[in-house]
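# Topology and contacts: notes
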Amino acid sequence: MRKFEKLTSKVVPLQIENIDTDQIIPARFLKATTREGFGENLFRDWRFDNDNQPKSSFVLNNPTYSGRVLVAGKNFGCGSSREHAAWAIQDYGFDVVISSFFADIFKGNALNNGLLPIQVSDEFLDAIFQAVAKNPDTELVVDLENETVLLLETGDSISFEINPYKKSCLINGYDDIDFILNNKDLIEAYEQTK
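Cut-offs applied
Residues numbered from 1 in each chain as written. Predicted model: local features only at pLDDT ≥ 70, side-chain atom pairs only at ≥ 80, totals over all residues. Heavy atoms only, no water. Helix = DSSP H or I, 4+ residues; strand = E, 2+ residues; numbered from the N terminus. Rg over C-alpha atoms; globule rule 2.2 N^0.38 Å. Buried < 20%, exposed > 50% of the residue type's maximum accessible area, 1.4 Å probe, protein only. Salt bridge = Lys/Arg side-chain N within 4 Å of Asp/Glu carboxyl O.

Moving on, we get to the overall build of the protein. For the protein, the helix and strand inventory stands at eight helices and seven strands. For the protein, whose C-alpha radius of gyration is 18 Å, the value lies close to the compact-globule estimate of 16 Å for 194 residues. Principal-axis analysis of the C-alpha atoms gives the protein an extent of 65 × 45 × 25 Å. Across the 194 residues of the protein, 43% fall into the buried class.

Structural data, given as structure tokens:
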């Protein structure tokens, strides 16, 4: 996994609530066993019509919006527990998803795969959506070390919580196995005391 510390980026606003994992990556695209290639089908049924033509009304097809931060409505990642949802979001090019509520399984899958889910208040989420509506070039600064999100347009910021172990893994670019291997000497030293 890549190391994550601080990110300054424009955002893609997806102002829809209750986005479930089947909307994020429809089940018919879950045939692959590797993580690559899922991004092309991210929000497939919302992005494309029945003739596989991009729907101009969908935000990911709007060239006005870009960035490595997806900002979505409340209750993101509900539904089935498919890990592919996190894979698709990351493969598309997002490093962060911000919402005012995440389904627990999605949040765990995201963190396990190097995608940072940040839960903010409803008020701060609304402030982001309002700022981006006024200025699509609005940027956020996501500071993982200090656990803050700064809305550059207004100067508003908010703190977020993250599991300390997962924070350490993201900052160091470790998955669970990398973490264990990195602590091999400590584990072996402990084993010698038993």
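This is not the end of the story, as more comes after the structure.
One pass over the full model with this rule turns up seven salt bridges. One salt bridge in this structure joins K10 and D137, with 3.3 Å as the shortest N-O distance. Within this pair, whereas K10 is found in strand 1 (residues 6-14), its partner D137 is found in the loop between helix 5 (122-134) and strand 5 (139-143), the two being separated by 127 residues in sequence. Between D95 and R68 there is a salt bridge, with its nearest N and O atoms 2.5 Å apart. Taken as a pair, D95 in the loop between helix 3 (84-92) and strand 3 (96-99) and R68 in the loop between helix 2 (44-47) and strand 2 (69-72) lie far apart in primary sequence, 27 residues in all.

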